[in-house]
Amino acid sequence: MTAIVNVFLKEGVLDPQGKATHHALDSLGFEGVKDVRIGKQIVLQLDTDDKAKAEAEVKEMCETLLANTVIEDYNIEIK
Amino acid sequence: MKVAVLRFPGTNCEFDTQYAFEKLGHETELVWHENDTLPSDIDMVVVPGGFSYGDYLRSGAIARFSPVMKAVTKYANEGGKVLGICNGFQILTEAGLLPGALKRNNNLHFISKHQTLRVENTDNAFLNQCETGEVLNIPIAHADGNYYIDDEGLEKLEANGQILVRYCDEDGNRVVVNGSVTSIAGVCNEKKNVFGLMPHPERALESILGSEDGMKMLKGFGA
C-alpha cells in the first residue's frame, strides 16, 4: 500500500514560504489568491495490505518523526 | 568542569565549542552521536551548532533520535546541565527537552551577522555572570531560528522566567531579527538546567573578532 502524508504548518502559525510565494504571485499579476500555504508531501510504500494497520502505523510515524506537532498538522491518505 | 561536546554527522561547531570551554579552563571531550552513554565524570553536555543530518525533514528532527540523545535526556532529567547552541537548540526542542519549535526565518534568508541580545533573566545556572537588562554582542548564523510557541506556552515561559535572551538593539529595545515570538533568542526548561539559544557565544571570544561577550556568557556556565 502507499501512504501519502501531507505536513503543513498549523493554522495561525505564520508560514514564511507561503507568504513569500503569495507575494510573488501577486507581483506576477495572478489576482484572487487569498492565501498560500506551503507544506511537504511524504510518500511511503508500505509492506502491508491491511488499511487500518497501515493508517495506525503511519499516524505513529507522524507523531514520532514526520511532523513536529508543536507547529505542524498532518493528514494521511492510504491507497 | 568537564564538558561533553556532542558530534553528529553534519555538526560543524564542535571544535569552536571545545576551544571556548578550554579557553575558560575547562576540560572537554567530544562524544560521537552513536555512543549510547555519556562520560561518567562530566558536569555539562553541549549540543553544538551545525547542520546535523543536513537539516533533512526539519532541523534537528533526525539527530534527536541518535543513541546519544537518550543518554542526554536521562542526564537532563536527572538535573544535569545541557546547553544547545543553534542547531543544538533545534535538536533540544525536537527532543522535547525545551519548549517551542524553530521555524524558517520570516525573511527566508540565512542570517549571519553580529547581533545584540538583551539578558532577560539571570536566575539560572547559565547567565549568572550577567546582569538583567545587559546587552551582549553575539553572532547569529541560522536559517531556522524563528522561535514559535503558542500563547499559553509563552505565558508559562514568562511566568517561570524561562526566557533568557531576546534580540535587541544597542539600547536593549526588542528588534525583529527572524520573526521569533516576542524576539526570543534563547529559552531554558522549567527546571532551568537545559538552555538553548540560536546565537553563538563560542564565536565571540576575542575582541579582534568583533566581540568577547561570548566569554562572559559562557563563564557563567561553569560557575
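Residues numbered from 1 in each chain as written. Chains lettered and ligands numbered in written order. Predicted model: local features only at pLDDT ≥ 70, side-chain atom pairs only at ≥ 80, totals over all residues.

**Some remarks on the sheet that holds strand β1 (residues 2-9) of chain A**
Residues and elements named next belong to chain A.
Argument step 1. Spatially, the 3 strands line up as an open sheet ordered β2-β1-β3, and their pairing is antiparallel. Only two strands of the sheet have a single neighbouring strand rather than two, namely β2 (40-45) and β3 (72-78). Within this sheet the neighbouring strands show an average axis-to-axis angle of 20 degrees, counted without direction.
Argument step 2. When β1 meets β3, the two strands line up antiparallel, connected through 7 bridges. Among the inter-strand pairings, L9 is bridged to a residue of β3, identified as E72.
Argument step 3. Against the sheet, helix α2 (residues 51-66) makes contact with β1, β2 and β3, and its axis sits at roughly 155 degrees relative to β3, the strand it touches most. (Pairing = 2+ DSSP bridges. Helix = DSSP H or I, 4+ residues; strand = E, 2+ residues; numbered from the N terminus. Axes fitted to C-alpha atoms, helices over the stretch in contact; angles between N-to-C directions. Contact = placed C-beta atoms within 7 Å.)

**Here's the deal with the interface of chain A and chain B**
Argument step 1. With 9 residues of chain A in contact, the opposing surface of chain B contributes 12 residues.
Argument step 2. With 3 residues, the single largest contributor to the side of chain A that touches chain B is helix α1 (residues 16-27) of chain A.
Argument step 3. The residue inventory of the side of chain A that touches chain B, partitioned by class, reads 7 nonpolar, 2 polar and no charged. (Nonpolar A, V, L, I, M, F, W, Y, C, P; charged D, E, K, R; others polar.)

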